[in-house]
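So the chains spell out like this:
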Amino acid sequence: PIIMTQSQFTHRDNLHYPFEERGLQFGDGIYEVIRIYHGTYYLLDEHVDRLFRSAEAIKIKLPFNKEEITHLLLELLERNKMTTDGKVYLQVTRGSAPRDHIFPADVLPNIYAYVGDQPRNLELLQNGVQTITQRDIRWEYCYIKSLNLLPNVLAKQAAKENNCYEAILHKDGLVTECSSSNVYLVKDGTIYTHPATKNILHGCVRMAVERFAGELNIPFIEESFEVEEISLADELFLSSSTSEITPIVKVDNLDIADGKPGKITRQLQEAYETDAKIQENN
Ligand SMILES: Cc1ncc(COP(=O)(O)O)c(CN[C@@H]2CONC2=O)c1O
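Keep in mind the model is a prediction, meaning the values are calculated, not measured. (Residues numbered from 1 in each chain as written. Predicted model: local features only at pLDDT ≥ 70, side-chain atom pairs only at ≥ 80, totals over all residues. Heavy atoms only, no water.)

Draft legend 1. Expanded view of the overall build of the chain. From N to C terminus, the chain includes eight helices and 13 strands. Relative to the 2.2 N^0.38 estimate, which gives 19 Å for 282 residues, the radius of gyration of the chain is 20 Å and therefore close to what a compact globule would have. Across its three principal directions, the C-alpha atoms of the chain cover 65 × 40 × 30 Å. Residue burial in the chain is summarised as follows: out of 282 residues, 48% are buried. Taking the contacts inside the chain whose residues are at least 6 apart along the sequence as the reference set, 71% of them involve residues at least 24 apart. (Helix = DSSP H or I, 4+ residues; strand = E, 2+ residues; numbered from the N terminus. Rg over C-alpha atoms; globule rule 2.2 N^0.38 Å. Buried < 20%, exposed > 50% of the residue type's maximum accessible area, 1.4 Å probe, protein only. Contact = heavy atoms within 4.5 Å.)

Draft legend 2. Main features of the packing of aromatic side chains. This structure, assessed with the given rule, holds 10 aromatic pairs. Here Phe 52 and Phe 64 contribute two aromatic rings whose centre-to-centre distance is 6.0 Å and whose plane-to-plane angle is 75°, an arrangement assigned as edge-to-face. Linking Phe 52 in helix H3 (residues 44–57) with Phe 64 in the loop between H3 and helix H4 (66–79), this pair joins segments that are 12 residues apart in sequence. Measuring from centroid to centroid gives 5.6 Å for Tyr 89 and Tyr 114, while their planes differ by 40°, and the two rings are tilted. Placement of Tyr 89 in strand E3 (residues 86–93) and of Tyr 114 in strand E4 (residues 110–117) is noted, with a sequence separation of 25 residues between them. Three or more aromatic residues joined by ring pairs form one cluster here, namely Tyr 31, Tyr 89 and Tyr 114. The side chain of Arg 94 reaches across the aromatic face of Phe 103, ending 3.5 Å from its centre. Note that Lys 156 overlies the ring of Tyr 165, its terminal NZ or CZ placed 5.6 Å from the centroid. (Phe/Tyr/Trp six-rings, centres within 6.5 Å; stacked < 30°, edge-to-face > 60°. Lys NZ or Arg CZ within 6 Å of the ring centre and 35° of its normal.)

Draft legend 3. Layout of the site of the ligand. The ligand sits among 21 residues. The nearest are Arg 50, Glu 177, Cys 204, Ser 241 and Thr 242. Between the ligand and the protein, one listed contact pairs an oxygen atom with a backbone N or O atom of Val 205 at 2.9 Å. Here an oxygen atom of the ligand sits 2.7 Å away from a polar atom, N or O, in the side chain of Ser 241. In isolation the ligand exposes 480 Å². Once the protein is present, 91% of that is buried. (Near = heavy atom within 4 Å. Polar contact = N/O pair within 3.5 Å; in protein donor to acceptor, adjacent residues only side chain to side chain. Areas by Shrake-Rupley, 256 points an atom, 1.4 Å probe, with all protein chains shown as cover.)

Draft legend 4. Here's a closer look at the side chain of Glu 235. Among the secondary structure elements, Glu 235 is positioned in strand E11 (residues 235–240). Notably, Glu 235 is buried but unbridged: the nearest opposite-charge side chain belongs to Lys 263, and the N-O separation is 6.3 Å. Of the polar contacts made by the side chain of Glu 235, one reaches the backbone nitrogen of Lys 263; its length is 3.2 Å. Discounting residues that sit within four places of it in the chain, Glu 235 has contacts with Tyr 184, Leu 185, Val 186, Ile 256, Gly 262, Lys 263, Ile 264 and Thr 265. (Lys, Arg positive; Asp, Glu negative; His and termini not counted. Salt bridge = Lys/Arg side-chain N within 4 Å of Asp/Glu carboxyl O.)

Draft legend 5. Representation of H3. Taking 1.5 Å per residue as the helical rise, H3 with its 14 residues ought to reach 20 Å, and the 20 Å between its terminal C-alpha atoms agrees with that figure. For H3, the secondary structure elements touched by its buried residues are strand E1 (29–37), strand E2 (40–41), H4, E3 and helix H7 (204–215). Phi turns positive, to about 60°, at Lys 59, one or two residues after H3. (Expected span 1.5 Å × (residues − 1).)

Draft legend 6. Inspection of unusual backbone geometry at higher detail. Non-glycine residue Asp 188 carries a positive phi angle of around 50°. Note that Asp 188 resides in the loop between strand E8 (182–187) and strand E9 (190–193). Located in the positive-phi region is Glu 244, a residue other than glycine, with phi close to 55°. Within the secondary structure layout, Glu 244 lies in strand E12 (residues 244–251). According to the relative accessible area criterion, Glu 244 is buried, its value standing at 3%.

Nothing here speaks to function; it is geometry throughout.
In structure tokens:
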């Protein structure tokens, strides 16, 4: 924590930094969480592409092009001598300026990125997780990976307080996604998930799941399902860069099918490990 000493309060011109930062004061920024396996990024291009889509959506002009940010991210791994499993948190805000809702003139965005360890959670991947359902109270533009995550935070905290891993969100009775992952229902050999509209984040792993389903000749239907249909599911699973493809075995304390991860979920997990070049034996 940064403590403002008495003197800093008295000298007004010191007040701007570091507190008057648009990400901190308005959530006026975007972010990406990029997975690393054995020191190598997974789905890096997809994350960089989305970063630019998010920036364009909130009118932040990024001070780099895709090649430049990709090079910087690769340099970040080298400088950290990253050889294990981890993740990079990358954040861009509209910058530091005296607090005012309108965009500050002539201010460059602030860019933050750091590497963190992120060992695979093999127990959860193997046995699945429990979830709750929660109303989706987020804004309309959930396809933007913005820093406005308070509704996501509150939903995930509610899950935690119910000894659950995630909260499955629903809007007007239709399941959208989870607080920090996409969600899928399997019925009669077909995968259903909310269409990539403004109402959900277009997950990078979600795109990979669609690709794997195609390769496995498993129908992948971008069609919303109702909360009530969850109890009739053969399988349920979620996906994100940190959760990979995680089976959901309980929702609101009710077992999904026999309460064990399903066959199609397992097939997708294997496809993910192959695609991400994950070798568990070393
Ligand atoms: C709301 C939401 N939906 C879906 C996803 C899945 O997107 P990816 O497949 O691109 O990861 C995320 C990722 N949330 C990141 C991943 O881990 N922590 C986060 O905040 C998310 O926050």
